[in-house]
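# Chains, contacts and geometry: an overview
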Amino acid sequence: MVISSLVIETAPARTEDVARELYLREGVEVHEVNGYKIVVTIEAETVDASHAVASGFIGIEGVTGINLVYANFEDDPTLAKVGSR
């Protein structure tokens, strides 16, 4: 399981609408809305799946920026482990 934390920046007039849209997305948890910023986590099976979810945020009306804060991908089954072949 890959877990990522992001801060989504929004147009101030659209923040609540963006938060509602994010809340409805599978694998996304909205933790806090602070001013025009929204703190979320994404849980996905792989780094690629997590990236696909986050990339989808770009299409939400009112999103002005997406900032990755933290990513834990040590359990991604698609990544080779050091020393494994």
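Note: the structure precedes this text.
In what follows, the accompanying structure is described.

Here the focus is the overall build of the protein. In terms of helices and strands, the protein carries 2 helices and 4 strands. Helices and strands appear in the protein in the N-to-C order β-α-β-β-α-β. The principal-axis extent of the C-alpha atoms belonging to the protein is close to 50 × 20 × 15 Å. Classification of the 85 residues of the protein by burial places 31% in the buried group. Relative to all contacts within the protein whose residues are 6 or more apart in sequence, the contacts with residues 24 or more apart total 67%.

As a further point, take the sheet that holds strand S4 (residues 63-72). Taking strand neighbours across the sheet as the criterion, the 4 strands line up as S2-S3-S1-S4 in an open arrangement whose pairing is antiparallel. Where the open sheet ends on each side, the last strands, each with one partner, are strand S2 (28-34) and S4. Neighbour-to-neighbour, the strand axes of the sheet open up by a mean angle of 20°, direction not taken into account. Bridging between strand S1 (residues 2-10) and strand S3 (residues 37-44) involves 8 bridges; their strand directions are antiparallel. Paired with Glu 9 across the strands is Lys 37, a residue of S3. Packing of helix H1 (residues 15-24) onto the sheet brings it into contact with S1, S2, S3 and S4, and relative to S2 it is tilted by some 160°. Each of S1, S2, S3 and S4 touches helix H2 (residues 47-55); the most contacted strand, S3, lies at about 145° to it.

Next up on the list: the pairing of S2. Here is the key point about a regular strand: its side chains alternate between the two faces of the sheet. With 6 bridges joining them, S2 and S3 adopt antiparallel strand pairing. The residue bridging Val 33 from the neighbouring strand is Ile 38, located in S3. Once S2 ends, the chain turns through 2 residues before running back antiparallel as S3, passing Gly 35 with a positive phi of about 65°.

Calculation notes
- Residues numbered from 1 in each chain as written.
- Predicted model: local features only at pLDDT ≥ 70, side-chain atom pairs only at ≥ 80, totals over all residues.
- Heavy atoms only, no water.
- Helix = DSSP H or I, 4+ residues; strand = E, 2+ residues; numbered from the N terminus.
- Buried < 20%, exposed > 50% of the residue type's maximum accessible area, 1.4 Å probe, protein only.
- Contact = heavy atoms within 4.5 Å.
- Pairing = 2+ DSSP bridges.
- Axes fitted to C-alpha atoms, helices over the stretch in contact; angles between N-to-C directions.

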